[in-house]
Amino acid sequence: MAHIIVVGNEKGGAGKSTVSMHVATALARLGHSIAVLDLDLRQKSVARYIENRQTFTARSKLDLPCPDSFALPEIDPATLKEGENIYDQRLSLAISQMEPGHQFILIDCPGSHTRLSQVAHSLADTLITPLNDSFVDFDLLARIDSRGEKIQGPSVYSEMVWNARQLRARAGLKPIDWIVIRNRVGAQRMVNKEKMESALTMLSKRIGFRTGPGFSERVIFRELFPRGLTLLDLRDIGVKQLNISNIAARQELRELLKALHLPGVTVDF
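Residues numbered from 1 in each chain as written. Predicted model: local features only at pLDDT ≥ 70, side-chain atom pairs only at ≥ 80, totals over all residues. Heavy atoms only, no water.

Novice: Is there a simple way to think about the packing of helix α3 (residues 86-98) against helix α4 (residues 115-123) in this case?
Specialist: Each pair of packed helices can be described by the angle between their axes along with the distance between the axes. It is the contact of α3 with α4, at a shortest axis distance of 9 Å, that shows an interaxial angle of 45°. As far as their axial angle goes, α4 and α3 are oblique. For the pair α3 and α4, the sense of crossing is right-handed. On the side of α3, the interface is formed by Tyr87, Asp88, Leu91 and Ile95, while α4 contributes Arg115, Leu116, Val119, Ala120 and Leu123. For the contact of α3 with α4, the residue count by class is 7 nonpolar, no polar and 2 charged. (Axes fitted to C-alpha atoms, helices over the stretch in contact; angles between N-to-C directions. Helix = DSSP H or I, 4+ residues; strand = E, 2+ residues; numbered from the N terminus. Parallel < 35°, antiparallel > 145°, perpendicular 65-115°, else oblique. Left-handed = near helix turned anticlockwise from the far one by under 90°. Contact = heavy atoms within 4.5 Å. Nonpolar A, V, L, I, M, F, W, Y, C, P; charged D, E, K, R; others polar.)

Novice: Could you clarify how one ought to interpret the pairing of strand β5 (residues 126-132) in this entry?
Specialist: Successive residues of a regular strand alternate their side chains across the two faces of the sheet. With 7 of its 7 residues buried, β5 lies for the most part within the structure. A two-sided burial pattern is seen for β5, the buried positions comprising Thr126, Ile128, Pro130 and Asn132 on one face and Leu127, Thr129 and Leu131 on the other. With 3 bridges connecting them, strand β1 (residues 3-7) and β5 associate as parallel partners. Its bridge partner being in β5, Val6 is matched across the sheet by Leu127. As paired elements, β5 and strand β8 (residues 177-183) share 7 bridges and run parallel to each other. If you follow Thr126 over to β8, its bridge partner there is Asp177. (Buried < 20%, exposed > 50% of the residue type's maximum accessible area, 1.4 Å probe, protein only. Pairing = 2+ DSSP bridges.)

Novice: How should I be thinking about unusual backbone geometry in this particular structure?
Specialist: The phi angle at Lys44 is positive, at roughly 50°, despite the residue not being glycine. Within the secondary structure layout, Lys44 lies in the loop between β2 (34-38) and α2 (45-60). We classify Lys44 as partly exposed; its relative accessible area is 39%. Look at His261: it is not a glycine, yet its phi comes out positive at around 55°. With respect to the secondary-structure elements, His261 resides in the segment after α9 (244-260). Among the residues examined, His261 registers a relative accessible area of 58% and is labelled exposed.

Novice: Help me out: how do you make sense of the side chain of His102 in this one?
Specialist: Among the structural elements, His102 can be located in the loop between α3 and β4 (104-108). Of the polar contacts made by the side chain of His102, one reaches the backbone oxygen of Met98; its length is 2.6 Å. (Polar contact = N/O pair within 3.5 Å; in protein donor to acceptor, adjacent residues only side chain to side chain.)

Novice: Can you walk me through the side chain of His22 in this structure?
Specialist: You can see His22 is positioned in helix α1 (residues 16-29). Overall, the relative accessible area of 4% leaves His22 in the buried class. A polar atom in the side chain of His22 sits 2.9 Å from the backbone oxygen of Thr18. When sequence neighbours within four positions are dropped, the list of residues in contact with His22 reads Phe215, Phe221, Thr230, Leu231 and Leu253.

See the structure below:
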């Protein structure tokens with residue numbers, strides 16, 4: 001049975017697509033078979049990224065490892081039984097198509113609350129929630145007092161994850177390994193940064209997630225998107241010497257993959 005990784009956050013602009021692209025492609029480069037399903041049916045950033053990668057490698061005659069991209073299958077509403085939800089059935093059919101021959105399935109969720117996203121969270125063996133290093137984004141997880149020091153209660157997203165955990169428990173499935181990663185963390189040690197770190201530590205113990213390293217804001221991520229490349233591909237396309245920013249970004253990806261504790265994955269780049 002494939003290990004399902006879900007990248008979810010109901011707030012846009014947190015770097016979900018960047019995380020999905022790099023985790024999926026890194027796993028492919030490490031020799032693992034991985035299927036990717038993009039549930040953002042409007043933007044489809046991750047699906048387009050993989051399409052860009054396939055186009056670039058074919059045109060350049062390069063043999064770069066690539067995740068397998070799947071689309072959400074269509075279902076005739078007339079075939080549904082009474083009470084069945086069409087989105088539940090479409091997602092279930094997609095999983096059944098992806099599982100054969102793949103060690104991992106990565107599902108990229110939209111930055112909004114949808115039925116598809118809700119069901120996808122209940123399927124997650126590993127849930128990755130990217131979070132900008134800001135209390136505006138922290139509000140996605142929990143309400144906090146004006147000082148940024150006291151947790152007042154969980155948010156609707158945290159409650160959705162809790163409901164997903166309950167569904168898995170009733171089905172006899174193993175618990176979700178939930179990891180919150182902090183993106184765009186500033187290099188300088190600022191009061192806001194320290195308060196965010198403290199608040200996340202408090203909340204992680206209260207609602208049960210791990211924290212992990214994310215990506216800094218880097219232009220290189222946007223520059224590589226049209227070719228469907230990652231930092232791990234630079235030497236393969238002829239870049240002989242990486243600059244300091246490229247090396248630092250590779251290290252961030254390495255640390256993120258290590259923090260995920262994915263079964264059978266040894267990070268050796």
